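Notes for the structure review
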Amino acid sequence: MGTAHILAIYDEPAKAAAAVAGARNMGLTDVSAYTPAPDHTMEQLIGGHVSPVRLFTLIGGLLGCASGFALPIYTVYDWPLITGGKPLISIPPFVIIAFELTILFGAIGGMIGFLALAGLPRLTRPALGHPRLTNDLFGVEVTCDTGRATSVRALLEGAGAIEVRADG
Amino acid sequence: MTAHDSGLRLPGTIPLAASTSYRQINEDILRTLDTPAPAYFASLGLLLAVLGFGVYAFTQQWQTGLGVAGYEHPIAWSIYITNFVFWVGIAHSGTLISAVLYLFRAKWRTSVARAAEAMTVFAVMTAGLFPIIHIGRPWFFYWLIPYPNERQLWVNFRSPLIWDLFAIVTYLTVSVMFLYLGLIPDNAAARDRCTDWRKPVYRVLALGWRGSTRQWMHYAALYGLFAALATPLVVSVHSVVSWDFAVSILPGWHSTIFAPYFVAGAIFSGLAMVITLLIPLRKLLRLEKYITIRHFENLAKLIIVTSLIVGYAYVTEFFIAWYSGSTFEQGTFFDRAFGQYWPFTWLMIVCNVFVPLLLFWKKVRTNLAWLFGISILVNIGMWLERFVIIVASLSHDFDPANWTGIYQPTWVEGAITAGSFGLFFLLFLLFVKNFPAVSVTDMKEGSAHAEMVDDSLARCLTGHGFLDRFYELFLGSSDEVAPTFTDTDVAGQKKMLEDSLSLMTSVSKAPREELDDLDRVAHRHGRDDLVIRPELYDLWRESLLQTVREFDAHFDWDIERAWRNVLADGVECTQSQR
């Protein structure tokens, strides 16, 4: 049995939320919602976990801090040159480099984490889509066995969908 | 005011389906990307001409050498470095608005944050050109970057100029990512609406964004993290710029207050530039609904604060010069106030310290013409501040024989400076006409907040005792509250809560045209039949939130944020009545 993708379009966030809750009650696990703006109800219904983006940021930041000290320390030993009578390893100025690189690498790490977790950039066009999901409509997409497609479709329509698109 | 029935009336005075308001916001903002008016092309042409003149001047300098600039011993840093510091400073307020105010949950920032973030990026880009323009052999600018090379030489990490490189590169990268992150969902909205040749461009820039719940959650998480990272960054960047000066031993530069002094000045000048840009922008793009007088007023209030800090720093500089007992230090500051450069010093003080005091008057800070004029004067004043710090200090070094010369800028320096303004405004203009100048996402989220508050309140009211508990908390919160209600019965109390809630939420839900006239809204709801004194609103809000926390089974951080955002509008508009 193959899998079917069904996308239902709603004009009210409450209807979309009801559809998600209904699909969850049917025991469906692959349920996604598409909203034009961050939607709190959907996050409670679908999300659950704290985004691991912060872990990427932390790793990036620590890496940046380490390299911010490592780079100047390596270079002053690579070509030892005393300037201004200061010790080769002058910690105070190196702190500035480490500080900036902590933030730079932390931000880059966060960005990489965000892109990876959010599945961006996505190079293929989605099989199902609706141009107004970024405008004013709310979408609920369910992936299920083709055998259940009819009942899922009925559920999504029952929640008040203004349009249902499906493949397979 | 409608009649009050026995039950507590829900505050949804203007029921507006989320879908309708989303579509409205989408259309209002994205229509600014449509075919522009002739005035836009005229401005574009003018700015291109100014930029072209600057580029021409730079080619002259490139071929001839730095001799065409007005450098004269001991003045080896002048207008180019002034421009560098000026433009880096301009950038700072953008980060203040997008990051610091985000962390403080200042809701009004959402309308101006996008424009301010874009301004940050373009200002840093413009600033980054000046160290390169300033060096004698600009084609070797990459020698600043530490990379393994055949000369086996590394940069001197003890030099402030290298700190500067790291600070500016970090700042530019983080600002670009911050701006771009916010643009991803907006690009997707533009992609789905656009029909002309830009559609594929938005498609690429949106990275295939679909707005799934998981994407939004990661987006929100990263946005918060960027704000948390950018806040210490913005403080560090202008501190590092100030150390370019403070770490040397030149009188007038060698000072410990330079870092906070520069950071405050940077934010001050940047806020003025935000106002300078936004006043024509909202007119040009017809965004008056979204960028209202209230936003300008809040920016003006921030200008007052930073202006007072800058004024305090001026006084401290002179005081420390006197108190240090150092003859050279005292000489430099005497020279600054009464030497060859005295007109610039006093003009700077008038523009930065005295002119912004006008903003203490509400009539002035809510009048766009006045605000525009003041913001231009502040821009001029802050440019002069950097000029005075750099040129006047250098001209008065340790060798009295040098003190007689006066720095005279050449046409090349003038043209390159003008060109930098041309470049900055050109980039900004191109940006706002091709990308949403107000965040579609933030505006939609704001409208979603009003709905969340409605839902939350409905949940609270299903249980019993919401009103009693609220009064218990509110009356107990301060001794001042109880006397207000001594002769008020339960019905009166109910009316008070209804009226207050209705005022608060109506501000958020009112058609946006009305927001420009907040005074009128507040007046209608609050002042005449004064239910609670404006100064008690803080207690009122906290008591209400506490009650909601206890009664709403789904209460969490996001709902609290929605409540605070919705209430913030109302509280602010009532308190501004004082």
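Residues numbered from 1 in each chain as written. Chains lettered and ligands numbered in written order. Predicted model: local features only at pLDDT ≥ 70, side-chain atom pairs only at ≥ 80, totals over all residues.

Considering the overall build of chain A
What counts, and what does not: Under the DSSP-based scheme used, a helix requires at least four consecutive residues in state H or I and a strand at least two consecutive residues in state E, with every element numbered from the N terminus. Counts of 20 or more other C-beta atoms within 10 Å of a residue's own C-beta define buried residues, counts of 12 or fewer define exposed ones, and intermediate counts define partly exposed ones; C-beta atoms are placed from the backbone.
When helices and strands are counted, chain A shows 5 helices and 4 strands. When the helices and strands of chain A are read in sequence order from the N terminus, they spell out β-α-β-α-α-α-β-α-β. Principal axes of the C-alpha set define a box for chain A whose edges measure 80 × 30 × 30 Å. Split into buried and exposed, the 168 residues of chain A put 43% on the buried side.

Observations regarding the nonpolar core
Put simply, the rule is: The term nonpolar core means buried Ala, Val, Leu, Ile, Met, Phe, Trp, Tyr and Cys residues held together as one set by C-beta atoms within 7 Å. The contact rule is simple: place each C-beta atom from the backbone, and if two of them lie within 7 Å, those residues are in contact.
Ranked by internal contacts, the top residues of the largest apolar core, which has 153 residues, are Val88, Ala115, Met119, Val174, Val274 and Phe428 of chain B. Sequence-distant contacts of Ala115 of chain B, defined by excluding residues within four places in its chain, comprise Leu277, Leu278, Leu281, Val432 and Ala437 of chain B. Ala8, Ile9, Ala16 and Ala159 of chain A belong to the second largest nonpolar core, which has 27 residues in total.

Section: the interface of chain B and chain A
Definition in use: Side-chain classes are defined by residue name, with Ala, Val, Leu, Ile, Met, Phe, Trp, Tyr, Cys and Pro counting as nonpolar, Asp, Glu, Lys and Arg as charged, and the others, Gly among them, as polar.
With 53 residues of chain B at the contact, the number on the chain A side is 55 residues. Secondary structure elements with two or more residues in the side of chain B that touches chain A: α1 (18–30), α5 (160–193), α7 (213–246) and α15 (440–462) of chain B. Counting residues per element, the side of chain B that touches chain A draws most heavily on α7 of chain B, which supplies 17 residues. By residue class, the composition of the side of chain B that touches chain A is 30 nonpolar, 14 polar and 9 charged.

Structural notes on the environment of Leu285 of chain B
Residues and elements named next belong to chain B. With respect to the element layout, Leu285 can be found in the loop between α8 (258–284) and α9 (293–324). Residue Leu285 is classed as buried on the basis of its 24 C-beta neighbours within 10 Å. Placed 145 residues apart in sequence, Leu285 and Leu430 show a C-alpha to C-alpha distance of 12 Å.

Quick notes on α9 of chain B
We count it as follows: To estimate the expected span of a helix, count its residues, drop one, and scale the result by 1.5 Å.
Taking 1.5 Å of rise per residue, 32 residues should cover 46 Å, and α9 of chain B covers 46 Å from first to last C-alpha, within 8% of that figure. Just downstream of α9 of chain B lies Gly325 of chain B, where phi reads positive at about 75°.

Some thoughts on the domain arrangement of chain A
This is how it is decided: Each domain's limits were defined by an automated method or a database of domain assignments.
Domain annotation for chain A reports domain 1 (3–36 + 136–167) and domain 2 (53–117). Here the C-alpha centroids of domain 1 of chain A and domain 2 of chain A sit 47 Å apart.

Points about the sheet that holds strand β2 (residues 31–34) of chain A
Residues and elements named next belong to chain A. Applicable threshold: Note: two strands are recorded as paired if DSSP finds a minimum of 2 bridges between them. Angles run from 0 to 180 degrees between N-to-C directions of axes, and those axes are lines fitted to C-alpha atoms, restricted for helices to the stretch in contact.
The 4 strands are arranged β2-β3-β1-β4 in an open sheet whose pairing can be described as antiparallel. Each having just a single partner strand, β2 and β4 (163–167) make up the two edges of the open sheet. For this sheet, the mean inter-axis angle between neighbouring strands, taken without regard to orientation, is 15°. One ladder, built from 4 bridges, connects β2 with strand β3 (residues 138–145); its direction is antiparallel. From the neighbouring strand, Ser32 faces β3, where its bridge partner is Glu141.

With respect to the packing of helix α3 (residues 79–103) of chain B against α8 of chain B
All names here are of chain B. Going by this rule: Angle categories: roughly parallel below 35 degrees, roughly antiparallel above 145, roughly perpendicular from 65 to 115, and oblique for all the rest.
For the pair α3 and α8, the least separation of the axes is 6 Å and the interaxial angle reads 80°. Classified by the interaxial angle, the pair formed by α3 and α8 is roughly perpendicular. Here Val88, Gly89, Ile90, Ala91, His92, Ser93, Gly94 and Leu96 of α3 lie close against α8, whose contacting residues are Gly265, Ala266, Ile267, Ser269, Gly270, Leu271, Met273 and Val274. By residue class, the composition of the contact of α3 with α8 is 9 nonpolar, 7 polar and no charged.

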